[in-house]
Structures are given as structure tokens and as C-alpha cells.
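Spelled out, the chains give:
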Amino acid sequence: SLTVLSQQARTHIDHWLKKFPADQKQSAVIAALTFVQEENGGWLTNELMDAVAAYLGMPKIAVYEVSTFYTMFELKPVGRHKI
């Protein structure tokens, strides 16, 4: 499922991972989801969230919790402008 993430996404996530201790990879989850969402036209698919979870070594449910808690993440296609 890692192939779901583009090389640019993996590079971006790796950049964020350097900012945190090795045992705190989950700290990069918001940055990872934000980048992947932008790259995917403004929304997150389950497949993308699963790939982020795998890349960060997190349970899928933990990534789903983050993506549903924060209002900046969209789980279905949205219009270009948010009002």
C-alpha cells in the first residue's frame, strides 16, 4: 500500500519525520495527511489514509481519528472553495 503515496509525498513526510524522535513518528500525521490531501485534489481516500498509517507505523484507526477530528480534512470530494 506504500505505492499509493507518491514519491513527493514520501519525501515530504520524511522531511517532517526528521523533526521528531524516531519513536514519535505519529507526530508527523497531520503534516502527512495535509500534503496527501492537497495532492489528491482536496480530499482523503481510505486507501491514502491506510498508506499514511503504514508509512508512519500507526494503526489505521488512529489515522482515521485524526482525519475525522480536524475540520481541515475532507473524506469526500469537495468544491474548490470552502465557505
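Look above for the structure.
Quick caveat: nothing in here was measured; it's all calculated off a predicted structure.

> Teacher, can you tell me more about the pattern of salt bridges here?
Close approach of charged atoms lets side chains of opposite charge pair. The full count for this structure, using the stated rule, is one salt bridge. Between K60 and D50 there is a salt bridge, with the nearest N and O atoms lying 3.9 Å from each other. Here D50 lies in helix α3 (residues 46-56) and K60 lies in helix α4 (residues 60-69), a separation of ten residues in the sequence. Since its relative accessible area comes to 45%, K60 is described here as partly exposed.

> Can you help me understand a nonpolar patch on the surface in this one?
Taken together, the side chains of F69, Y70 and M72 define a hydrophobic patch exposed on the protein surface, amounting to about 320 Å² of accessible area. One can find F69 in helix α4.

> Looking at this structure, how should I read the environment of Y70?
Turning to its location among the elements, Y70 is positioned in the segment after α4. It is 9.1 Å that separates the C-alpha atoms of Y70 and I30, two residues lying 40 residues apart in sequence.

> I tried to follow the packing of aromatic side chains on my own but got confused; where do I start?
Inspection of every chain in the model, using the stated rule, returns one aromatic pair. The ring of W16 carries the charged tip of K19 above its face, separated from the ring centre by 5.1 Å.

> When you look at the nonpolar core in this model, what are you seeing that I'm missing?
One broad rule of soluble globular proteins: the nonpolar side chains tend to lie buried together. Counting residues in hydrophobic clusters, the biggest one holds 22 residues, and the most contacted among them are L5, V29, L33, V52 and L56. Put simply, the parts of the chain that give this core at least two residues each are α1 (7-17), α2 (29-39), α3 and α4. V52 has contacts with L5, V29, A32, L33 and V36, leaving out every residue within four places of it along the chain.

Scoring rules and cut-offs
- Residues numbered from 1 in each chain as written.
- Predicted model: local features only at pLDDT ≥ 70, side-chain atom pairs only at ≥ 80, totals over all residues.
- Heavy atoms only, no water.
- Salt bridge = Lys/Arg side-chain N within 4 Å of Asp/Glu carboxyl O.
- Helix = DSSP H or I, 4+ residues; strand = E, 2+ residues; numbered from the N terminus.
- Buried < 20%, exposed > 50% of the residue type's maximum accessible area, 1.4 Å probe, protein only.
- Patch = residues over 30% accessible without salt bridge, like charges linked within 9 Å, V, L, I, M, F, W, Y side chains within 5 Å.
- Areas by Shrake-Rupley, 256 points an atom, 1.4 Å probe, with all protein chains shown as cover.
- Phe/Tyr/Trp six-rings, centres within 6.5 Å; stacked < 30°, edge-to-face > 60°.
- Lys NZ or Arg CZ within 6 Å of the ring centre and 35° of its normal.
- Core = buried A, V, L, I, M, F, W, Y, C linked by side-chain atoms within 4.5 Å.
- Contact = heavy atoms within 4.5 Å.

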